[in-house]
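Read off the chains here:
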Amino acid sequence: MPTIYVDKEELFEYLGNQFNTEAFRELCFEFGIELEEDTSEKGELAEGERAQLKIDIPANRYDLLCIEGLTRALGVFLGRDSIKHYHVTPTSNPHRITVAKECSQIRPLIVGAILRNVQLDAARYKSFIDLQDKLNQNLGHQRKLVSIGTHDLDTVQGPFTYEAVKPEDLKFVPLSQTEEMDGHRIMEFYGKDSKIKHFLHIIEDSPVYPVVYDANRTVMSLPPLINSDHSKISLDTKNIFIEITATDMTKVNMVLNILVTMFSQHCKEPFTVEPVEVVYPDGKSFVYPDFETKTITTSASYLNGIVGIDKSNSEIVELLHKMSLEAKIEQDSIVVTLPLTRPDMLQECDIAEDLAIAFGYNRIPRVQNNEATVGAPLPINKLTDIVRREMAMASWTEVLTLSLCAHDDIFKFLRREDKGDEVVVLSNPETQENQICRSLLLPGLLKTVRENKRYPVPIKVFEVSDVVNKDPSTERGVRNRRHACALYASDEARFEIIQGLLDTVMESLGFTHCNKQQDRGYYLEEADVPMYLPGRSAKVMLNENGNTVELGTIGIVHPEVLFNYELKMPISTFEINIEPFL
């Protein structure tokens, strides 16, 4: 949960000096935040020191991470202030940022905006910098996804360019330094910096570094590390140029909108922002910030049912106004316009949460639940327990492996081809070991044996867990399937042992081994499965009243697969889908 410090005197003055610390603590509770500490309660403050309030902010409320947003929200909540509206100043010739094609190698996205005629003082300057740090840390995922750069517009000249250059071709004086450095020297210098050293890994292994230049080829910033000392902001700055580089377009728009909506209140014309045009290598251009609002349509019956109250449409609209949500009634529906400052609001339940806060959680009537319900396990879990119990009673050891794995684990290492219709791929994996959702359990068992080779053979392990497969017929395009997989590793493959376990499992489910012509049972059908030895593999087929279903495969693992997993002992295994038994 993010924490902010705000000036106690300034905040209480804005609130009309009608609060003391305890009353404000109660207000925070009602609003859904928490006053953790009042520094003036620790004892006497040093000369010139002002009391600070330490406030915990919910992780989804990025608009409350500075005193500007907090006072604005509390002012509307208390009825002292009106809901603010934000405007992009019309301009026929906006400042432009041109993106070089080389940026696609490192950090492909950039957005921008300009705050004109800003009136800064020490407190506002500190709040501006603190908000940037918090947005970089939270929404920006420690600057990996988003990194903010702010500049004194009067010290640079447009149009601007966003390029990717070799480290040795980059030369500028970093913020608060006097030495001109190239890319290599910057990595060396800031490798000892207690703050910036944590972000060096984002670009240090890249052959090119992202750089923002002005029209005179003056370096403005090296994202996501440091700005140039040339364009630094001071208390005398009147016009602020904001550039934000990113790898995620959704996140970068959220960060830009929050930053400019919070601090545009200090402009000579409050809550107005000057746009910046961004031109990408393909010739497409976009103007930022994007202040287009979105709406969510809901109903009084839904909101009342979720919260547990009974309010009319007009009463709900009035309560939502306390949370800075503008709503209007259209026939039997309530249409809520989402503020630019609330990217956390995605669906109707988010509206219901704000309605509950506005109404007051402590005021929601307590009612007795008159619905009689009896808990029961899901059928799939009951089936899973049957299979697990039978395998365990046969003296096999259960393991639980990771649901994410490397792409090679499912395809290359198992001698299988990726046709693009099987696995769900993570768009931004942390490591190569977590690239996809597993579609088979076998790789996890092979890794388990690999890490336990020091134990005596035979090794008999099994797992009954979910795998994930693409399925275009479902709403989300994917489906979980419950698989059972067993593996036998010893000095000999002993195929009869793994088939014996399969017989045991199938009999516990009411199906015995049969031939292909019988009406009920299961049988093995010869098949060429790449991960098994040729002639030593088969499909496991289920036959019930003439309906035939392929459950999975059984066989002796191919030597190439064993080599890929650093194994030398023969292994036999089977893996089946148990959901057809439901």
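Whatever comes next refers back to the structure up there.
**Student:** Provide a residue-level description of the overall build of the protein chain, including the pertinent values.
**Tutor:** For the protein chain, the count of helices and strands is 14 helices and 26 strands. Whereas a compact globule of 582 residues would reach a radius of gyration of roughly 25 Å, the protein chain reaches 31 Å, over 25% beyond that. C-alpha atoms of the protein chain, sized along the principal axes, occupy 85 × 70 × 55 Å. Evaluated residue by residue, the protein chain yields a buried proportion of 49% over its 582 residues. For the protein chain, the exposed area adds up to about 29,200 Å²; of that, 47% sits on carbon and sulfur atoms. When the 61 positive and 89 negative side-chain charges of the protein chain are each reduced to one mean point, those points stand 2 Å apart.

**Student:** Please give an account of the pairing of strand β24 (residues 532-544) that cites residues and values.
**Tutor:** As paired strands, strand β23 (residues 520-526) and β24 are joined by 7 bridges and run antiparallel to one another. Bridge pairing in β24 places E525 opposite K539. Turn length for the β23-β24 hairpin, with the two strands adjacent in sequence and antiparallel, is 5 residues. As paired strands, β24 and strand β25 (residues 547-557) are joined by 9 bridges and run antiparallel to one another. The residue of β25 that forms the bridge with S537 is G555.

**Student:** Account for the packing of aromatic side chains, with residues named and values stated.
**Tutor:** Using the criterion set out here, one finds 11 aromatic pairs in the structure. Geometrically, the ring pair formed by F189 and Y190 is edge-to-face, given 4.9 Å between the ring centres and 85° between the ring planes. Considering the side-chain rings of F286 and Y288, the 6.5 Å spacing of their centres and the 35° angle between planes classify their relative orientation as tilted. Note on Y288: relative accessible area 6%, which makes it buried. The residue whose ring lies beneath R363 is F359, and the NZ or CZ to ring-centre distance is 4.3 Å. Across from the ring centre of F511, 4.0 Å away, lies the NZ or CZ of R520, which sits over that ring.

**Student:** Describe helix α10 (residues 379-393), and please don't skip the residues or the numbers.
**Tutor:** In this model α10 runs 21 Å from its N-terminal to its C-terminal C-alpha over 15 residues, within 8% of the 21 Å that 1.5 Å per residue would give. Buried within α10 are the following residues: I380, L383, T384, V387 and M391. Each buried residue of α10 sits inside an arc of 100° when the element is viewed along its axis, so together they form one side. Those residues of α10 that are exposed and angled more than 90 degrees off the buried face are P379 and M393. Buried residues in α10 make contact with β21 (459-470), β22 (478-489), α13 (495-508) and β26 (571-577).

**Student:** Would you mind going over the sheet that holds strand β3 (residues 52-56) in detail, with residue names and values included?
**Tutor:** In spatial order, the strands read β1-β3-β2; together these 3 strands make up an open sheet with antiparallel pairing. Pairing within the sheet leaves two strands with one partner each, and these edge strands are β1 (3-7) and β2 (34-38). Taken pair by pair, the neighbouring strands of this sheet meet at an average axis angle of 30°, ignoring direction. As judged from the 5 bridges shared by β1 and β3, these two strands associate in the antiparallel manner. When the bridges of β3 are listed, T3 appears paired with D56.

**Student:** Can you tell me about the sheet that holds strand β17 (residues 333-338), naming the residues and giving the values?
**Tutor:** Strand order across the open sheet formed by 3 strands is β15-β17-β16, with antiparallel pairing between neighbours. What marks the edges here is a single partner per strand, and that holds for β15 (294-298) and β16 (326-330). Each neighbouring strand pair of the sheet contributes to a mean axis angle of 25°, computed without reference to strand direction. Sitting on the sheet, helix α8 (residues 313-322) touches β16 and β17, and the angle it makes with β16 is about 165°.

**Student:** Could you give me a rundown of the packing of helix α7 (residues 300-307) against helix α9 (residues 348-359), with the residues and numbers involved?
**Tutor:** For the pair α7 and α9, interaxial distance at closest approach is 9 Å and the crossing angle is 60°. Taken together, the axes of α7 and α9 are oblique relative to one another. Seen along the crossing, α7 lies across α9 with a hand that is right-handed. From α7, Y302, L303, I306 and V307 reach across to α9, where they touch E348, C349, I351, A352, L355 and A356.

Rules of the game
- Residues numbered from 1 in each chain as written.
- Predicted model: local features only at pLDDT ≥ 70, side-chain atom pairs only at ≥ 80, totals over all residues.
- Heavy atoms only, no water.
- Helix = DSSP H or I, 4+ residues; strand = E, 2+ residues; numbered from the N terminus.
- Rg over C-alpha atoms; globule rule 2.2 N^0.38 Å.
- Buried < 20%, exposed > 50% of the residue type's maximum accessible area, 1.4 Å probe, protein only.
- Areas by Shrake-Rupley, 256 points an atom, 1.4 Å probe, with all protein chains shown as cover.
- Lys, Arg positive; Asp, Glu negative; His and termini not counted.
- Charge placed at Lys NZ, Arg CZ, Asp CG, Glu CD.
- Pairing = 2+ DSSP bridges.
- Phe/Tyr/Trp six-rings, centres within 6.5 Å; stacked < 30°, edge-to-face > 60°.
- Lys NZ or Arg CZ within 6 Å of the ring centre and 35° of its normal.
- Expected span 1.5 Å × (residues − 1).
- Arc of directions from axis to C-beta.
- Contact = heavy atoms within 4.5 Å.
- Axes fitted to C-alpha atoms, helices over the stretch in contact; angles between N-to-C directions.
- Parallel < 35°, antiparallel > 145°, perpendicular 65-115°, else oblique.
- Left-handed = near helix turned anticlockwise from the far one by under 90°.

Shape descriptors only; they carry no functional weight alone.
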